[in-house]
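Architecture and fold: a report
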Amino acid sequence: MIKPNKLTDPKNCIIFNSYNILAFLKRKKKATYQETLKSQTDILGEEANDLFLLSLNFLFTLGKINYVEELDSLELINETK
């Protein structure tokens, strides 16, 4: 369970980093792994490197993004029903 406490920095948490990844992919629809990582380091600095893989795992688990191995890219999954 993801449980914040009073010492949790909102800018250095998985949920905030995941939100930034989703916002980036919403604009681009599909982006390479390196483009997505660079967008996060531009926003958060080097701290993003530690949280990037954890955030991607979180988004994969939720079914929000997909990895295309042939293109080495991430894409946003459109959930229109």
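Use the structure listed above.
Here goes a summary of the coordinates provided.

The rules behind these values
Residues numbered from 1 in each chain as written. Predicted model: local features only at pLDDT ≥ 70, side-chain atom pairs only at ≥ 80, totals over all residues. Heavy atoms only, no water. Helix = DSSP H or I, 4+ residues; strand = E, 2+ residues; numbered from the N terminus. Contact = heavy atoms within 4.5 Å. Areas by Shrake-Rupley, 256 points an atom, 1.4 Å probe, with all protein chains shown as cover. Pairing = 2+ DSSP bridges. Axes fitted to C-alpha atoms, helices over the stretch in contact; angles between N-to-C directions. Core = buried A, V, L, I, M, F, W, Y, C linked by side-chain atoms within 4.5 Å. Buried < 20%, exposed > 50% of the residue type's maximum accessible area, 1.4 Å probe, protein only. Expected span 1.5 Å × (residues − 1).

Before going further, it helps to spend a moment on the overall build of the protein chain. Summing up its helical and strand segments, the protein chain has three helices and three strands in all. In sequence order, the protein chain lays out its α and β elements as α-β-α-α-β-β. Of all intrachain contacts in the protein chain linking residues separated by at least 6 positions in sequence, the fraction that spans at least 24 positions is 49%. In the form shown here, the protein chain has an accessible surface area of approximately 5900 Å², with 56% of it arising from carbon and sulfur atoms.

Our next topic: the pairing of strand S3 (residues 73-76). When strand S1 (residues 30-32) meets S3, the two strands line up antiparallel, connected through three bridges. From the neighbouring strand, Ala31 faces S3, where its bridge partner is Leu74. As defined by bridge partners, strand S2 (residues 65-68) adjoins S3 across four bridges and the pair is classed as antiparallel. Paired with Ile65 across the bridge in S3 is Leu76. Once S2 ends, the chain turns through four residues before running back antiparallel as S3, passing Asp72 with a positive phi of about 50°.

What follows concerns the sheet that holds S3. Strands sit in the order S1-S3-S2 across an open sheet of three strands; the sheet is antiparallel. On the outer flanks of this sheet lie S1 and S2, each paired with one strand and no other. Averaged over all neighbouring strand pairs, the angle between strand axes comes to 25°, with direction disregarded. Across the sheet, helix H2 (residues 33-44) touches S1 and S3, and the angle it forms with S1 is around 90°.

Right, let's get into the nonpolar core. Ranked by size, the top nonpolar core spans 10 residues in total: Ile21, Phe24, Leu25, Ala31, Leu37, Phe52, Leu56, Leu59, Ile65 and Leu74. Of all the elements in the fold, those that place two or more residues in this core are helix H1 (14-28) and helix H3 (47-62). Among all residues touching Phe52, those that are not within four sequence positions of it are Asn17, Ile21, Tyr33, Thr36, Leu37 and Gln40.

Looking now at H1. Compared with the 21 Å implied by 1.5 Å per residue over 15 residues, the 21 Å span of H1 between its first and last C-alpha is a close match. Here the buried face of H1 lies against S1, H2, H3, S2 and S3. A positive phi of about 70° marks Lys29, the residue just after H1.

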